[in-house]
Amino acid sequence: MSLEIQARFRVDRSAFTLDVDLILPGRGVTALFGHSGSGKTTVLRAMAGLERAAAGYFALGSEVWQDESRGRFVPPHQRALGVVFQEASLFPHLSVRGNMEFGQKRTSTAARRFSLPEIAELLGIAHLLDRAPGQLSGGERQRVAIARALLAAPQILLMDEPLAALDLKRKLEILPYLERLHGELSIPIIYVSHAPDEVARLADHLVLLDQGKVVASGPLNAVLSRIDLPATFADDAGVVIEAAIAAHEADDLTRLEFTGGRILVSQRHEPVGTRLRCRIHARDVSLALAPPVQTSILNSVAATVAELAPTNTPGHVLVKLDAAGTPLLARITRRSAEKLAIRPGLALHTQIKAVALLA
Amino acid sequence: MESTDLAAVWLTLKLASVVTILLLIVGTPIAWWLARTRSRLKGVVGAVVALPLVLPPTVLGFYLLVAMGPNGPIGQLTQALGIGLLPFTFPGLVIASVFYSLPFVVQPIQNAFEAIGERPLEVAATLRASPWDAFWSVAVPLARPGFLSGAILGFAHTVGEFGIVLMIGGNIPGRTRVVSVQIYDHVEALEYTQAHWLAGGMVLFSFLVLLALYTFNPARRKAL
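The model shown is predicted, which means the values in this text are computed figures rather than measured ones.

Draft legend 1. Molecular detail of the overall build of chain A. Helix and strand content of chain A: nine helices and 21 strands. Expected size for 359 residues packed as a compact globule is a radius of gyration near 21 Å; at 22 Å, chain A falls within 12% of this value. Taken over the C-alpha atoms alone, chain A extends approximately 65 × 50 × 35 Å along its principal axes. Going through the 359 residues of chain A one by one, you find that 41% of them count as buried. In chain A, once contacts between residues fewer than 6 apart in sequence are set aside, the share between residues at least 24 apart is 66%.

In structure tokens, the structure reads:
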């Protein structure tokens, strides 16, 4: 059974108004994406009960944690949720183990789902249990913070830009653990971020926020492939494709297959069958009316034009394509669009210059 | 040292210990409130707590003497409760000292609570700790240096008081005659040798207290 998360919050502050009404899936990772000041952190804090929206409703399945129309507000310590903040915020007076036990001790034995050794193993911190928080690296601290939150048996995990305070190396170190959580936990994760790469890599469901309002909310690719979004989101336009490794070829390339086509990428070391996410930026996709020949670009996928929209890059348009069910985006000049007479329904060939593998 | 000197030393230590314990009990909630409130009363309460820092002890002693006297509100209360009157008794001295040393305990603890910030308490809340639980399991341990400073300063300041003791306690051997008053008596009687012993002892004591404070509590160095 999949729970549904309902969140409606209205916050009025002098310089900022938040007004969101969301229904989110009760499983997988939902990313709240937006620029700073978009209200994404406020939404997360309201969900946690750390901030009380004057007009608010928040329910996880049948469990209603806030319903201001009935005067109901469950304080944060009585909500079965976990929060991971941008800074790990470990308690400096407790060891790693002490930090992890903090929430666990305050959770009834019946509600506990994981043991401390299991979680320590899952997050790769089993060797750090007796250290003090000050002796850990930034990435290790954040993993301990995640472990600590999970041991309090949350029914939902809220993460507020958990990687933003880390440098690239630490980020790359911690992302695989987040992907493991995604794969192994049954609880929903709300993930606040302003980093498109993290979202593309982790999210199943995407909510775009801008100036306190929801701009779009839906399954990751459905939102990413929308071309009617405000210009702020169009710069980085692109889609995420779920592909599986089909074969390792002799010339150090790996062939991936997805619904709608196949692409070649630099050699991967995972076994055949492994599922990978890859991101294809609109700016890396060009269009041709005939199957491209005599070109250095290896990847070409047949697709049909779905719709066109202007972008905020002068002289460019964004083209949404359908490759046998998989949406693709291409950013081309308006001149090219006119020259090729690109219009909805036109069958053509995409040339994909670059594929970013996300795992 | 004469037996009256020893009695004065003993009484002083007893007074300072009782006052310090009471101050930690009374001062902690005040410090917590001052550190966390957004009430407009914060300024007023903060100023009242800090008054003993600037007032001459005689002023505070005078008002407390009046309040604890037969016609004062505290005096009427204690009489109604069958305790009798507090001036010139050890409990009276304790109460006066609590008022007098309050800022020395409240301010370091308040600073320590403020330095913790909101985040650790929010984290505790998301880990199922009620506000009361979080206070004891997170705020107090994290504010430990503030408690240490407050206790040491409160104790030392009570040992060093003079004016308020004279106003409230008078000079009753074994009951209200503390070291500072005893030194005064010795000097009045031209007993400089005895005065030297006690005065020198006070200097040494104060130095050791401050040394402990500055050595074991580096954060305090900036605050003082």
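Still more ground to cover, so stick around.
Draft legend 2. Region of the structure containing the overall build of chain B. Within chain B one finds 12 helices and zero strands. Its helices and strands taken in sequence order, chain B reads α-α-α-α-α-α-α-α-α-α-α-α from the N to the C terminus. With the principal axes as the frame, chain B shows a C-alpha extent of 65 × 45 × 25 Å. Relative to its 224 residues, chain B shows a buried fraction of 38%. Taking the intrachain contacts of chain B between residues at least 6 apart in sequence as the baseline, contacts between residues at least 24 apart amount to 71%.

Draft legend 3. The sheet that holds strand β13 (residues 253-258) of chain A, seen in detail. Residue and element names in this part refer to chain A. Strands sit in the order β14-β13-β12-β15-β21 across an open sheet of five strands; the sheet is antiparallel. Only two strands of the sheet have a single partner each, and these edge strands are β14 (261-266) and β21 (356-357). Relative to β14, β13 runs antiparallel, the two being bridged by six bridges. Looking across to β14, one finds that L253 is bridged to S266.

Draft legend 4. Examining the sheet that holds strand β18 (residues 316-323) of chain A more closely. Residues and elements named next belong to chain A. Here five strands make up an open sheet; going across it, the order is β16-β20-β17-β18-β19 and the pairing antiparallel. Both edges of this open sheet fall to β16 (285-288) and β19 (326-333), since each of them pairs with a single strand only. Averaged over all neighbouring strand pairs, the angle between strand axes comes to 45°, with direction disregarded. In this sheet, strand β20 (residues 347-352) lies alongside β16 in antiparallel orientation, the contact comprising four bridges. Residue pairing for β20: A288 is matched across the bridge by H349.

Draft legend 5. Geometry of the pairing of β18 of chain A. Residue and element names in this part refer to chain A. Pairing of strand β17 (residues 299-310) with β18 involves six bridges; the strand directions are antiparallel. Paired with L308 across the bridge in β18 is V319. Where β18 and β19 come together, eight bridges link them in antiparallel fashion. Its bridge partner lying in β19, L318 is registered against R331. Where β18 folds back on β19, the antiparallel hairpin that results is connected by two residues, among which A324 adopts a positive phi of roughly 50°.

Draft legend 6. Quick look at the nonpolar core. Counting residues in hydrophobic clusters, the biggest one holds 146 residues, and the most contacted among them are A31, A147, L158 and L206 of chain A. When residues of this core are assigned to their parent elements, the largest contribution, 13 residues, is made by helix α5 (residues 90-116) of chain B. Split by domain, the residues of this core number at least three in each of domain 1 (4-230) and domain 2 (238-357) of chain A. Excluding anything up to four places from it in sequence, L158 of chain A contacts L44, M47, A48, L81, G82, V83 and I190 of chain A.

Draft legend 7. Fine view of helix α7 (residues 131-142) of chain B. All names here are of chain B. Residues of α7 that are buried: A134, S137, V138 and A139. For α7, the buried positions fall inside an angular range of 155° around the axis, keeping them on one side. α7 presents W132 and W136 as exposed residues on the side facing more than 90 degrees away from its buried surface. As for α7, its buried residues are in contact with α5 and α6 (119-126).

Draft legend 8. Inspection of the packing of helix α1 (residues 3-36) of chain B against helix α8 (residues 144-159) of chain B at higher detail. Residue and element names in this part refer to chain B. As a packed pair, α1 and α8 sit with axes 8 Å apart at the nearest point and diverge in direction by 140°. Here α1 lies oblique to α8, going by the angle between them. For the pair α1 and α8, the sense of crossing is right-handed. Mapping the contact onto sequence places T12, L15, A16, V19, T20, L23, L24 and G27 in α1 and G150, A151, G154, F155, T158 and V159 in α8. Across the contact of α1 with α8, the residue classes break down as eight nonpolar, six polar and no charged.

Draft legend 9. Broad picture of the domain arrangement of chain A. All names here are of chain A. Looking at chain A, the domain boundaries give domain 1 (4-230) and domain 2 (238-357). The gap between the C-alpha centroids of domain 1 and domain 2 is 33 Å. With eight residues of domain 1 in contact, the opposing surface of domain 2 contributes 11 residues. Of the residues forming the side of domain 1 that touches domain 2, the biggest block, three residues, is contributed by helix α7 (residues 220-224).

Draft legend 10. Seen up close, the interface of chain B and chain A. Tallying the contact residues gives 13 residues for chain B and 17 residues for chain A. Sorting the residues of the side of chain B that touches chain A by element identifies α6 and α7 of chain B as the ones contributing at least two each. Here the element with the most residues in the side of chain B that touches chain A is α6 of chain B; it accounts for six residues. The residue inventory of the side of chain B that touches chain A, partitioned by class, reads eight nonpolar, two polar and three charged.

Draft legend 11. Layout of unusual backbone geometry. All names here are of chain A. The backbone of S89 sits at a positive phi, close to 50°, despite the residue not being glycine. Counting through the fold element by element, S89 comes out in the loop between β7 (81-84) and α2 (96-105). The exposure class of S89 is buried, given the 22 C-beta atoms found within 10 Å. Positive phi values are uncommon outside glycine, yet D252 reaches one of about 60°. Counting through the fold element by element, D252 comes out in the loop between β12 (238-248) and β13.

Draft legend 12. Looking closely at the packing of α2 of chain A against helix α4 (residues 138-151) of chain A. All names here are of chain A. At a closest axis distance of 7 Å, the pairing of α2 and α4 adopts a crossing angle of 30°. Between α2 and α4, the angle is such that the two are roughly parallel. Seen from above, α2 lies across α4 with right-handed handedness. Residue-level inspection shows V96, N99, M100, F102, G103 and Q104 of α2 in contact with α4, the latter providing V144, A147, R148, A149 and L151. Partitioning the contact of α2 with α4 into residue classes produces seven nonpolar, three polar and one charged.

What counts and what doesn't
Residues numbered from 1 in each chain as written. Chains lettered and ligands numbered in written order. Predicted model: local features only at pLDDT ≥ 70, side-chain atom pairs only at ≥ 80, totals over all residues. Helix = DSSP H or I, 4+ residues; strand = E, 2+ residues; numbered from the N terminus. Rg over C-alpha atoms; globule rule 2.2 N^0.38 Å. Buried ≥ 20, exposed ≤ 12 C-beta atoms within 10 Å, placed from the backbone. Contact = placed C-beta atoms within 7 Å. Pairing = 2+ DSSP bridges. Axes fitted to C-alpha atoms, helices over the stretch in contact; angles between N-to-C directions. Core = buried A, V, L, I, M, F, W, Y, C linked by C-beta atoms within 7 Å. Domains from an automatic or database assignment. Arc of directions from axis to C-beta. Parallel < 35°, antiparallel > 145°, perpendicular 65-115°, else oblique. Left-handed = near helix turned anticlockwise from the far one by under 90°. Nonpolar A, V, L, I, M, F, W, Y, C, P; charged D, E, K, R; others polar.

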